[in-house]
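Structure assessment
Listed below, chain by chain, are the residues.
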Amino acid sequence: MRIEHIELYHVEIPLDAPFYPSWIPGYPQMFNHMTFARLVTDEGIVGETAGVEFQKAHAGYGSAIGPFLAGRDPFDVEGFLDVIEAAQVGGLRLCWLEPALWDIMGKACGQPVYRLLGGGKRRLKAYASTGELHPVEKRVEEVLALRDAGFRAVKLRMHSQDFREDLRVVERVREAVGDSMDIMVDANQGWRVDLLEKGPVWDVNTAVSVARELERLGVLWLEEPLDRMDYAGMREVREKTNMRVAAGELNSRFQEFRELVRNRSADILQPDACMVGGIGISKKIAALCQAENLTFAPHTWTNGIGLLINMQVMASTPAAQYCEYPIEPPGWIPEKRDAILAEPVRIDREGFLTLPEAPGLGLRIDEEKLSTYGEKFFSA
């Protein structure tokens, strides 16, 4: 079996309201952008995937990646990892395409990807991952609504210039939910995006001070308290506190996760299969977590396709504890996050996500929505 045809689409889904991601201070996000890909084999099997579109690609982008894909055996994932590394040196990001190979393999074998990976876990406990900074009472009201919807855990953002403002939010949320919900906190210091406004910059002392306060509030983990490459700094936060440190969502190579483990920098590793090198690398990191008694909790804040891709890996490892479920009404809601899927990915009343049983990744693309929101810019 060989890949003989490639299709690439720009997808631009308008949001119902501006979304203000805390990690890009002052930026009103109006669209969910992605690049959607279809890889077609000589046997007619179609593999699908999507990646975050940082800038609008053009036909030349497709022509550039075409030689890296055309004629490849979709079962040769390790070979494609070499291709990803080679392309990255030349400035091409191909890791988001790798899940399409697993989609093809699953369809060829008649099995969902998580079963190919050795998994048998059909349900994943979800946590509501918020994305904006909100006033205290508003955030409390929103978290209580999330609890009523079935969530038993929530992640709050800390990205104010004065971290004490964010601590007040966490404290009030804890008072409101008591022990009925786990709380995680994300400082978004791993990769700061100061395009319109300057965001806060934490040093080790700040991270330690915040972690000690979060300990008092029973927070489950503190995510990205420092730059993603500050292995020594994160280790110091762990050594000086009892707070679990989570990291890795934007680390892009397997070797970087090796360093996180070697330096004892994190308790929770958070690779995103659409950013780190694909499902194959993500599965290796999950095994690393299992060997080192760490938690595996992938980043999923891309789109519904990325969420489903990461769910397949999570279902295949006992190191997974919680699955990130991005949600921040009214701007970032399942219908817009997952817009080209036939149905949004949703939790059940107990706060769990159920793995699709369809062969491959279980993606069901709504062709009418793809036609409405997507523009094919490459086909060869």
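Residues numbered from 1 in each chain as written. Predicted model: local features only at pLDDT ≥ 70, side-chain atom pairs only at ≥ 80, totals over all residues. Heavy atoms only, no water.

Another point: the state of the cysteines. Counted under the stated rule, the structure contains 0 disulfides. No disulfide involves cysteine 274; its sulfur sits 7.8 Å from the nearest other cysteine sulfur, which is in cysteine 95. Cysteine 274 gets classed as buried once you look at its relative accessible area, which sits at 6%. Its sulfur unpaired, cysteine 323 is 12 Å from the next cysteine sulfur, which belongs to cysteine 274. (Disulfide = S-S within 2.5 Å. Buried < 20%, exposed > 50% of the residue type's maximum accessible area, 1.4 Å probe, protein only.)

Take the sheet that holds strand S13 (residues 374-379) next. Pairing in this open sheet of 4 strands is antiparallel, and the strands run S3-S2-S1-S13 from one edge to the other. The open sheet has two edge strands, strand S3 (46-52) and S13, and neither has a second partner. Each neighbouring strand pair of the sheet contributes to a mean axis angle of 20°, computed without reference to strand direction. Judged from the 7 bridges that link them, strand S2 (residues 29-41) and S3 form a sheet pairing that is antiparallel. Paired with arginine 38 across the two strands is glutamate 48, which belongs to S3. Together, strand S1 (3-19), S2 and S3 form the strand contacts of helix H3 (residues 98-109), whose direction differs from that of S3 by roughly 155°. (Pairing = 2+ DSSP bridges. Helix = DSSP H or I, 4+ residues; strand = E, 2+ residues; numbered from the N terminus. Axes fitted to C-alpha atoms, helices over the stretch in contact; angles between N-to-C directions. Contact = heavy atoms within 4.5 Å.)

Moving on to helix H5 (residues 136-149). An α-helical turn contains 3.6 residues, so a residue and the one three or four places further along point in the same direction. Compared with the 20 Å implied by 1.5 Å per residue over 14 residues, the 20 Å span of H5 between its first and last C-alpha is a close match. Taken together, the buried positions of H5 are Arg139, Val140, Glu142, Val143 and Leu146. Mapping the buried residues of H5 onto a view down its axis gives an arc of 165°, with all of them on the same face. When the buried face of H5 is taken as reference, the exposed residues oriented beyond 90 degrees from it are Glu141 and Asp148. (Expected span 1.5 Å × (residues − 1). Arc of directions from axis to C-beta.)

So, about unusual backbone geometry. Going from proline 329 to proline 330, the amide bond is cis rather than trans, its omega being 5°. Topologically, proline 330 is positioned in the loop between strand S11 (323-326) and helix H12 (334-337). With a phi angle near 50°, asparagine 188 is a residue other than glycine that sits in the positive phi range. Looking at the element boundaries, asparagine 188 is found in the loop between strand S6 (182-186) and helix H7 (204-216). Phi is positive for glutamate 224, which is not a glycine, with a value near 45°. Tracing the backbone shows glutamate 224 in the loop between strand S7 (221-223) and helix H8 (231-240).

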